[in-house]
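Survey of secondary and tertiary structure
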Amino acid sequence: MNKPIRTVSIFCLLLFLALMINATYLQYWKAGALNDDARNRRVIVAAYSQERGAILVGRNPVAESVESDDKYKFQRTYPKPEEYAPITGYFSYFGATGTELTQNDVLSGQDDRLFVTNLVDLLSNDQAKGGNVALTIDPKAQAAAFEGLKALGSDVQGSVVAIQPTTGKILAMVSLPTYDPNVLASHDLSSVSKASARLNDDPTQPLLNRSIQTRLPPGSTFKVVTAAAAIEKGLYDASSQVPGGVTYQLPLTSGPTGEIDNEGRNCGANNSKIPFALAMENSCNTSFAQIAEKVGAEDMRKTAEGFGFNQHYFDDLTPQALSVFPEKLDDAQLGQTGFGQFDVSATPLQMAMVAAGLANDGSVMKPYLVDEEQSADLEVLHKTDPEELSRAVSATTANEVTKLMVATVDDGTAFPAAIPGIDVAGKTGTAQTGQTDRSPYAWFISFAPAEDPQVAVAVMIQNLDIPRDEVAGGQLGGPIAKAVMQAVIK
Amino acid sequence: MAQQSTLMGFVHRRRRGAELFLLVLALVVGIGAYAAVGLGVQGKVPADMLGYGGWLAALLIGAHIVIRFVAPYADPVLFPVVAALNGLGLAVIHRIDLAKQAEGDAHDFAQQQLTWMTLGVILFALTLLVLRDHRVLQRFTYTSGLAAIVLLLLPLLPGIGATINGARIWIHLGPFSLQPGEIAKVLLVIAFAGYLVLHRDALALAGRRVLFVDLPRGRDLGPILAMWLVSLGILVFQQDLGSSLLFFGLFLIMLYVATERPGWLVVGALMFVGGALLAYAAVPHVRIRFDIWLHPFDYYDSGQSYQPVEAKFGMGWGGLIGRGFGDGDPNRVPYANSDFILSSIGEELGLTAVMAVLMMYGLIVERALRTALICRDGFGKLVATGLASAFAIQVFVVVGGVTGLIPLTGLTTPFLSYGGSSLIANWVIIALLLRISDQARRPMPTISDDTAAFSQDDTQVVRIG
């Protein structure tokens, strides 16, 4: 019987070999794929129980992990929750948003550049720590923007973005209404679920980062783009005369629906010429509709895209809503886009880039929020280098538009942003929502000092519970922009 | 063939010292794992460390002493390997207990398992003490066959039978519940061996040759057909694919070994495939199970493959060296301390430990088959082969199921899983194997030895043992 016993031995050997190969396949080759499965709660819990790196503004953390004595070991805390929520996002058991999401590799320590540090930690039996992320935010500008926007009322929906024109560094990014990420980072998971459901169902959308995720018609603030396109094309300079008028009938239209006016501001008589500066100071829709028609749809779009419209350019937070300048326009629509209506839409970040591009001699820098990625020992792993996104207009054109914008602050609708002793360039905007029961969107863009710009700001107020006719970009947005600019310049 | 070893002048040594040395290593594994669980999960050496370690050591060394006296020539590797597996199993069960306690579900399965182990080791010693010659068992061929069938039928009886997790393989006797299938396994091996030793010639010699394979005669198909029906019955009435596969495979291998005719394997394999296809076609439950096996991740969200997928996640999470005791989350897998104990080991101790466990199982099978090879009587050979194959098939079915190599079936992982019936039955199996190996390795009676020594002057045999 020994021969079959030997055969059985070989059969058993094969059985065990199959088991061993399969175990090796499962625990070695397939382990990575298993760990990457989004449904694998072990990975989620482990990520959640880890000492993540801090998100730093200056030297102070706006998100950090502190030890907790429960099973998750570390509690993520946000020292200035509401002010920084749109930037930091939250890190909860169920997921992450904002910088917590986009910089997760560094914060969690999974980044390949942290490999050596992790290895040392492993060998010295220390718990591996994630790296830190230093933001470009200027804490004073951020505070000024947050306080300024919040002061408009408890129900305000809006956003403020400030950029350093020469680099593209984002100095402030505020979105209201906001939320408390500490609530979502809590280890009490059922309360997190409830809070999360409540925030998701809230009609005011507090989880939305309006700075990059809300796009609205930019209204009159878009006139600076129209002006830049016209000057770049060689049609005018800052001292030229441009078409004016009390009313203007858009091409291809007849009757009151196609007739635009200036809501009573002085823009000269119909079929007359007025100074370019006056058209900008008084935000003359009639002038800019005609200027846009003279520039033509093609060149208008080229200039708008030079400033970042129709482009994805921001990687540090996600998702970014695309700012749109329409592809196809008839003459009537082209006239409307000249003052930022029809289908033109922009995020607050986009309008800040328009201001920053003009401030930086026509060169639009790629905006960024993450300045440095550091190891847990504060060793710099990566420092973001400023990078030009595109050249929107020539330096000459940019200077001419700047003159018009300075005039608008000095003598025109943008006066609330004036800072004594400093030349401020600015433009207001009040965009129609197309709905009679909703207040218009108020916009304000500005930069200062005009001759050597250090900061460009865009303020957007989407909704505010005040009478319709009291909503004006200059009145609401101007003081906020001023406060932010002062915070940076001083 | 029976005289081979002595003809070559080879005499086995007792090797009890080696066994003791290996046993000390096994105790280090068992007690060390228990301490590691305490350190990893609670951050301190368990309070009952001394009592636990002392008890384990006393129990196993006691058994070793019994072996020394009543089976001095027994295989020295089997007992320490089994002791190590049992010790590791206890530690992992204790680890899962702690995880359950942390979730407010207080149990002390480890303590119960230690009680079962004590009982198992006592039965192990008793088997060795009472059964001085395994050939005695041949007398009980039909008795054990009948007992096995009764045991297998018991769970179907109303009143004491119970369905747990869809399989009707449990009986309740007062406060105890046990799986009679585990005990039936041992009895079946004895019954098969006794039957086959008597009928092997009839089964082996008659038949015709078809395509290089000797196929058995139609009338000899009776017993295999009966066994096939019993296996099918277990599958249909008790919904227990694992046991069904185990009994049928076991019978087939023993039949093949007894008759030395691969034709039986062909017939048996065809019958198994036929039965499986029939079940696949007729029973929707089987179809779904099969599909869950092929695409486990598709069924995760619906919860149908929660257990196997969580086990895979756990084992993948463990990787090569594991998370370490206390740093994994093995309790996510339902039945992490019984059927799925290997995924717990894979998660916290890694592929390294899984490989070690598989090697230990392989070693048990190898030592058992080696015993069968050197055994001098046909009955002993068949029993040893049967027990070895039962062990190999059981490990293959349960480990293959947990790691997704084959469809998932419910069987316990020998010596590791929580469960009294299985543990006790397996200890008895080891006792039987030791008894057979003691007989096999024991020197031949002096008469034949002396003639061998005198006739071969060039080979001087030096007795040491």
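Here, residues in each chain are numbered from 1, in the same order as that chain's written sequence. The naming scheme follows written order: chains are lettered A onward, ligands numbered 1 onward. Only residues with pLDDT of at least 70 are given local features in this predicted model, and only at 80 or more are side-chain atom pairs given and counted; all residues enter the totals for whole chains, interfaces and linings.

Topic: the overall build of chain A
Put simply, the rule reads: Strands here are runs of E lasting at least two residues and helices are runs of H or I lasting at least four, both read from the DSSP assignment and numbered beginning at the N terminus. Buried, partly exposed and exposed are defined by the number of other C-beta atoms within 10 Å of a residue's own C-beta, namely 20 or more, between the two limits, and 12 or fewer respectively, with C-beta atoms placed from the backbone. Once C-beta atoms have been placed from the backbone, residue pairs whose C-beta atoms lie within 7 Å are recorded as contacts.
Helix and strand counts for chain A stand at 19 helices and 19 strands. Split into buried and exposed, the 490 residues of chain A put 55% on the buried side. In chain A, 70% of the contacts between residues at least 6 apart in sequence involve partners at least 24 apart.

With respect to the overall build of chain B
Helix and strand counts for chain B come out as 16 helices and 5 strands. Considering chain B as a whole, with its 465 residues, one finds that 49% of them fall into the buried category. Taking the intrachain contacts of chain B between residues at least 6 apart in sequence as the baseline, contacts between residues at least 24 apart amount to 72%.

Re the sheet that holds strand β14 (residues 370–374) of chain A
Residues and elements named next belong to chain A. How we decide: A pair of strands is treated as paired once DSSP finds two or more bridges between them. Fitting a line to C-alpha atoms yields each axis, with helices limited to the stretch in contact; the angle taken between N-to-C directions then spans 0 to 180 degrees.
In spatial order, the strands read β3-β2-β1-β6-β14-β15; together these 6 strands make up an open sheet with mixed pairing. This sheet does not close on itself; its edge strands, each paired only once, are β3 (74–77) and β15 (380–383). For this sheet, the mean inter-axis angle between neighbouring strands, taken without regard to orientation, is 25°. Looking at chain direction, strand β1 (residues 55–57) and strand β6 (residues 132–135) are connected through 3 bridges and run parallel. Bridge pairing links isoleucine 55 to valine 133 in β6.

Things to note about the nonpolar core
Inclusion rule: Each nonpolar core comprises buried Ala, Val, Leu, Ile, Met, Phe, Trp, Tyr and Cys residues, the members being joined through C-beta atoms within 7 Å.
Grouped together as the largest cluster of nonpolar side chains are 139 residues, with contacts concentrated most on Met254 and Leu387 of chain B. Excluding residues that lie within four positions of it along the chain, leucine 387 of chain B makes contacts with Val189, Ala368, Ile429, Leu432 and Leu433 of chain B. Residues Val174, Val344, Val370 and Ala407 of chain A belong to the second largest nonpolar core, which totals 127 residues.

Re the pairing of β6 of chain A
Residues and elements named next belong to chain A. Of the two faces of β6, the one holding Asn132 and Ala134 and the one holding Val133 and Leu135 are both buried throughout. The pairing of β6 with β14 spans 4 bridges and is antiparallel. By the bridge assignment for β14, valine 133 is matched with glutamate 373.

What about the environment of isoleucine 429 of chain B?
Residue and element names in this part refer to chain B. Within the secondary structure, isoleucine 429 is located in helix α15 (residues 420–441). Since 26 C-beta atoms lie within 10 Å of it, isoleucine 429 is described here as buried. Taking the C-alpha atoms as reference points, isoleucine 429 and phenylalanine 124, separated by 305 residues in sequence, lie 8.3 Å from one another. The contact partners of isoleucine 429, leaving out residues within four places of it in the chain, are Val186 and Leu387.

Thoughts on the sheet that holds strand β18 (residues 441–448) of chain A
Residue and element names in this part refer to chain A. An order of β8-β7-β19-β18-β17 is seen for the 5 strands of this open sheet, with the pairing classed as antiparallel. Both edges of this open sheet fall to β8 (170–176) and β17 (425–431), since each of them pairs with a single strand only. Mean inter-strand twist for the sheet, computed between neighbouring axes without regard to direction, equals 5°. For strand β7 (residues 157–163) and strand β19 (residues 455–463), the ladder comprises 7 bridges, and the chain directions are antiparallel. Directly across from alanine 162, in β19, lies its bridge partner valine 457. Packed onto the sheet, helix α8 (residues 139–150) meets β7 and β8 and runs at close to 25° relative to β8.

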